[in-house]
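Chain by chain, the residues:
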Amino acid sequence: MPHINIKCYPKNLSEQELQAFADDLTAFASKRLNTPAEFITIAYTEIPADEWKEKVWDKEIEPNVESLLRKPEYEM
């Protein structure tokens, strides 16, 4: 039962663009993880740039960098 949690700077995507993104990501995860689409959930949160370090980098990225599937190619 994969749960995908996406945090990003504001992208100002329309509801249609967000839905297309979710549909594409669901299809990709379903295929790669051999999991039925109905078992996949996706969280999408936009974080303002001036809050990124405090809310995401310091709490989620830096303390867990060794276990990330893809490590950051930037520093804060």
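Throughout, a residue's number is its position along its own chain's written sequence, starting from 1. Per-residue local features of the predicted model are confined to residues with pLDDT of at least 70, and side-chain atom pairs are confined, for both listing and counting, to 80 or more; whole-chain, interface and lining totals are unaffected and use all residues. The side-chain quantities take in all heavy atoms of the structure and omit both hydrogens and water.

Per an unreviewed UniProt entry, the protein chain goes by the name Tautomerase PptA and belongs to Aggregatibacter aphrophilus.

We now examine helix α1 (residues 15–32). A run of DSSP states H or I qualifies as a helix once it reaches four residues; a run of E qualifies as a strand once it reaches two. Both are numbered from the N-terminal end. A helix is expected to span 1.5 Å for every residue after the first. Helix length check: α1 (18 residues) gives 26 Å between terminal C-alpha atoms against 26 Å at 1.5 Å per residue, within 8%. Within α1 the residues assigned to the buried category are Thr 26, Ala 29 and Ser 30. When α1 is viewed along its axis, its buried side chains cluster within an angular range of 100° and face the same direction. Exposed residues pointing more than 90 degrees away from the buried face of α1 are listed as Gln 16, Asp 24, Lys 31 and Arg 32. Just past α1, the residue Asn 34 takes up positive phi, approximately 50°. Exposed residues in this analysis have more than 50% of their type's maximum accessible area, buried residues have under 20%, and partly exposed residues fall in between, with area computed by a 1.4 Å probe over protein chains only. In this description, one arc is meant: the one made by directions from the helix axis to the C-beta atoms.

Further remarks concern the UniProt feature "domain: 4-oxalocrotonate tautomerase-like" (unreviewed entry) in the protein chain. UniProt positions are given in the numbering used here, feature names are shortened, and annotations may be inferred rather than shown by experiment. Mapped onto the present numbering, the UniProt feature "domain: 4-oxalocrotonate tautomerase-like" (unreviewed entry) falls at residues 2–52. Along residues 2–52 one finds 37% helix and 24% strand; the C-alpha atoms at either end are 24 Å apart.

A regular strand places its side chains so that they alternate between the two faces of the sheet. If DSSP finds at least two bridges between two strands, the strands pair. Across six bridges, strand β1 (residues 3–8) lies against strand β2 (residues 41–46) in parallel orientation. Among the inter-strand pairings, Asn 5 is bridged to a residue of β2, identified as Ala 43.

Let us look at the pattern of salt bridges. Salt-bridge detection follows one rule: a side-chain nitrogen of Lys or Arg within 4 Å of a carboxyl oxygen of Asp or Glu. Enumeration according to the criterion identifies four salt bridges in this entry. Taking the shortest distance from any N to any O, the salt bridge between Lys 7 and Glu 60 comes out at 3.2 Å. Placement of the pair is Lys 7 in strand β1 and Glu 60 in helix α2 (residues 52–61), with a sequence separation of 53 residues. For Lys 7, a relative accessible area of 24% translates into the label partly exposed. The class for Glu 60 is partly exposed, based on a relative accessible area of 33%. Across the pair Asp 58 and Lys 53 runs a salt bridge whose closest N-O atoms are separated by 2.9 Å.

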